[in-house]
Amino acid sequence: MNPPLAAADQEKFEIRLGEALNKAGLLTPAQLAQAMWEKADNPLMLGELCMQHGWVAPQDLYPFIPVELVRIGEILVLHGYLELEHVYQALLQQKHHPERKLGQILVQQGWVQPHWLEWALDKQQQLRRRRGAANSWEVMLEQWSTIPDQPPLYASPLQVAQQVHKATAQYQAQLERYQEQVAALEAQLERERQQLVESQSRQQQQRIAELEAQLAAQIQQGSEQHRAAQQRIQELEEQLRAQQDRGSAQVQALAEQLQAAQAELETLRRHCHELTEWQSQAKLKLQELGSRLQQHQQAEAQLRQALEHKEAELAALSQSLQEQQHQLQVAQSTKARLIADLAHARQEASQTIHRLRGELQEAQTQLQVTQERLQEVQAQLQATQSHLQSTEAQLQQAREQVRQLQAQVQANRTPSPAPATQTASVAESTADAELPPQEYLGEEDLEALQRANPWVRRILTQLRAAGLLDNAGIETVLHAWETEGGTFTDVLTHHSGLKPETVKFFSEDGYSVYLAGGRHVADYLKASGLVSAAQIQQIQEHLPPGGSLCQALVEAGILSQASALYFERHFGGKKPRRSLRQELML
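Residues numbered from 1 in each chain as written. Predicted model: local features only at pLDDT ≥ 70, side-chain atom pairs only at ≥ 80, totals over all residues. Heavy atoms only, no water.

(A) Looking closely at the overall build of the chain. Across its full length, the chain holds 23 helices and zero strands. Across the 586 residues of the chain, 28% fall into the buried class. Taking the intrachain contacts of the chain between residues at least 6 apart in sequence as the baseline, contacts between residues at least 24 apart amount to 62%. Carbon and sulfur atoms make up 51% of the accessible area of the chain, which amounts to about 37100 Å² in all. (Helix = DSSP H or I, 4+ residues; strand = E, 2+ residues; numbered from the N terminus. Buried < 20%, exposed > 50% of the residue type's maximum accessible area, 1.4 Å probe, protein only. Contact = heavy atoms within 4.5 Å. Areas by Shrake-Rupley, 256 points an atom, 1.4 Å probe, with all protein chains shown as cover.)

Structure, rendered in structure tokens:
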């Protein structure tokens, strides 16, 4: 891995990059000056800062950046797995904590996953193997890939450029194929035309040469025969002249020979006439060959028409080529539109992030207010609990005073009937006045209850006092809680057959009803889930003045005697003269 550039080298490179972007017309002098001014407080590179402002697109910037200077954050941004704003925030944190690496900050903030970072590091190693390549954009396009089983989360400039590059390559390949086909067709047409012309020319020349040779041979043969005939005539004339001297006897024979020679001469003349006619026939044949040559010329014209047809097809292919070029231009315009849409989407994303940050601040403010309210409620609850504890202490003191009074009454009891009756009456009235509601624990505690914590022991004791759970049921619930685990209230609801609201009521001892303003036993009965509101309303309609609602529910078969006594003692304001155990035994 190449070490990062020093601060001075980094500054020089960014100055050269800004000059190159300005010279290429991608950055105005005012934008370059603003970017260099913002660089003093912005941890982003000059190119990233220009992309953040939307002045330069990635495909125009990275051709000027060497591959060895592409950083991890840029790789994740260009491949669509990170936003430039996240890189900016991470660099700000790194500026305050230089000992932390950028990748650690990105993972800690939850912006990238650890295996994404490993993928980006591997991609950076692949890029730096191409060290020396000045155009990092082309190298990243060649090595374009995505994280396995993880598509890009944001719009990826490389993905868009890759799609456009593929489409352009397809159009270019198709264009080259069309050009190759056109060149092949032109070459084929030229070869066919040359072959046809050469074949026709050779055949015509060969035929004409054969006819000329035949004609020359026949003319030469006729000339030789004519010369032989003249020579024969001369010989005969010489013989005639020679024989004229021999006598008249031979004149007749010579005359006959002369006639024969003349007949032979006539035959030769006829042969010459035949040769002349053959010559005329040869001329006719030459004319026929000329007509055939015209036919061949017509065929050549047809071939030229076919060639023109092929040229028309070539023009159609050229037009198709122009259409493909037009489609390429459309693709390029689509590329520009996609880039504009990408910039617009980034702007919308920035706005959305700003809005979400405002909502997050509002939510945090509301959460803080809620926490303050919760603290107030907890303080009130603690105050209520301390008040309850003091009330329980006062109750315990009152019980101790009652026991002391009972002991004094027993010690001061005399055999006199009247005083005894009076003392008992006083003790009874004192008990009626001071005795608070009592909890029934039974004659002996179960061993399982001794293993339970005080809160569980209190719930089970109250349920047993209300007649809703017996000793066997307590053993079952505690055994299930020890073996199965989970929350005690869920185990109790599941194994006791009680309603969830009943378990909730006994677990808090009716405290929620008290906080809600419940003061009548009917409110506690409804909250416990043992009696419905309709049943209570129906009993109250027929309840005589001063009558007991709980006893009326017992008589109606809605509530058990033990449950009725429990609710009267705890929530009905009735203080019993006997213990709950004695009342249940009556």
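(B) Layout of the packing of aromatic side chains. In this structure the tally under the stated criterion is 15 aromatic pairs. Between Phe567 and Phe571 the ring centres are 5.6 Å apart and the planes differ by 45°, which places this aromatic pair in the tilted class. With Phe567 and Phe571 both in helix α22 (residues 561-571) and four residues apart, this pair spans about one turn of that helix. Exposure remark for Phe571: the relative accessible area of 12% places this residue in the buried category. Among the aromatic residues, those joined into a ring-pair cluster are Phe505, Phe506, Tyr524, Tyr566, Phe567 and Phe571. (Phe/Tyr/Trp six-rings, centres within 6.5 Å; stacked < 30°, edge-to-face > 60°.)

(C) Structural detail: the packing of helix α14 (residues 454-465) against helix α15 (residues 471-484). Look at α14 against α15: their axes get within 10 Å of each other, and the N-to-C directions meet at 150°. Judged by the angle between their axes, α14 and α15 are roughly antiparallel. Here the hand of the crossing between α14 and α15 comes out right-handed. Within the contact between the two elements, α14 uses Val456, Leu460 and Arg464 and α15 uses Asn471, Ile474, Leu478 and Trp481. In terms of residue class, the contact of α14 with α15 is made up of five nonpolar, one polar and one charged. (Axes fitted to C-alpha atoms, helices over the stretch in contact; angles between N-to-C directions. Parallel < 35°, antiparallel > 145°, perpendicular 65-115°, else oblique. Left-handed = near helix turned anticlockwise from the far one by under 90°. Nonpolar A, V, L, I, M, F, W, Y, C, P; charged D, E, K, R; others polar.)

(D) Here's a closer look at the nonpolar core. If you look at the biggest cluster of nonpolar residues, it comprises 47 residues, and the most contacted ones within it are Leu61, Tyr62, Leu76, Trp137 and Met140. When near neighbours in sequence (up to four residues on either side) are disregarded, Met140 contacts Tyr62, Val70, Leu78, Leu127 and Leu158. In this structure, Leu460, Val503, Phe506 and Phe567 belong to the second largest nonpolar core, which totals 37 residues. (Core = buried A, V, L, I, M, F, W, Y, C linked by side-chain atoms within 4.5 Å.)

(E) Examining the packing of helix α2 (residues 29-38) against helix α3 (residues 46-53) more closely. Look at α2 against α3: their axes get within 10 Å of each other, and the N-to-C directions meet at 115°. As for how α2 packs across α3, the hand of that crossing is right-handed. The residues of α3 that touch α2, namely those facing Leu32, Gln34, Ala35, Met36 and Glu38, are Leu46, Leu49, Cys50 and His53. Looking at the contact of α2 with α3 residue by residue, the class counts come to six nonpolar, two polar and one charged.

(F) Structural detail: the side chain of Glu38. Position of Glu38 relative to the elements: it lies in helix α2. The side chain of Glu38 is buried and forms no salt bridge, while Lys39, the nearest opposite charge, is found at 10 Å. Polar side-chain contacts of Glu38 include one of 2.7 Å to the side chain of His53. Contacts of Glu38, omitting those with residues within four sequence positions, involve Leu49 and His53. (Lys, Arg positive; Asp, Glu negative; His and termini not counted. Salt bridge = Lys/Arg side-chain N within 4 Å of Asp/Glu carboxyl O. Polar contact = N/O pair within 3.5 Å; in protein donor to acceptor, adjacent residues only side chain to side chain.)

(G) Focus on the pattern of salt bridges. On inspection of all chains with the given rule, the structure shows 12 salt bridges. Across the pair Lys39 and Glu14 runs a salt bridge, and its minimum N-O distance is 3.5 Å. Taken together, the positions of Lys39 in the loop between α2 and α3 and Glu14 in helix α1 (residues 7-23) put the pair 25 residues apart, joining distant regions of the chain. On the accessibility criterion, Glu14 (6% relative accessible area) is buried.

(H) Geometry of the environment of Ala556. Considering the arrangement of structural elements, one finds Ala556 in the loop between α21 (549-555) and α22. For Ala556, a relative accessible area of 43% translates into the label partly exposed. Ala556 sits 17 residues away from Ile539 along the chain, and the two C-alpha atoms are 8.3 Å apart.

(I) Molecular detail of the environment of Gly47. Its location among the elements puts Gly47 in helix α3. A residue is classified by how much of its surface remains accessible, and Gly47, at 5% relative accessible area, is buried. Spatially, the C-alpha atoms of Gly47 and Glu14 are 8.1 Å apart, while their sequence positions differ by 33 residues. Filtering out sequence-adjacent residues up to four positions away, Gly47 remains in contact with Leu17 and Leu61.

(J) Main features of α14. The first and last C-alpha atoms of α14 sit 16 Å apart over 12 residues, in line with the 16 Å expected at 1.5 Å per residue. Gly467 sits one or two residues past α14 and shows a positive phi near 75°. (Expected span 1.5 Å × (residues − 1).)

(K) Representation of the confidence of the model for the chain within the structure. Per-residue pLDDT for the chain has a mean of 79; in total, 88% of the residues score no lower than 70. Taken together, the stretch residues 414-444 has pLDDT below 50 and engages in 36 contacts with residues farther than four places along the chain or on a different chain. (pLDDT = per-residue confidence, 0-100.)

(L) The arrangement of unusual backbone geometry in detail. The backbone of Asp509 shows a phi angle near 60°, a positive value even though the residue is not glycine. Within the secondary structure layout, Asp509 lies in the loop between α17 (500-508) and α18 (511-515).

(M) Here's a closer look at the environment of Asp41. With respect to the secondary-structure elements, Asp41 resides in the loop between α2 and α3. Overall, the relative accessible area of 61% leaves Asp41 in the exposed class. Separated by 51 residues in the primary sequence, Asp41 and Leu92 have C-alpha atoms spaced 9.7 Å apart.

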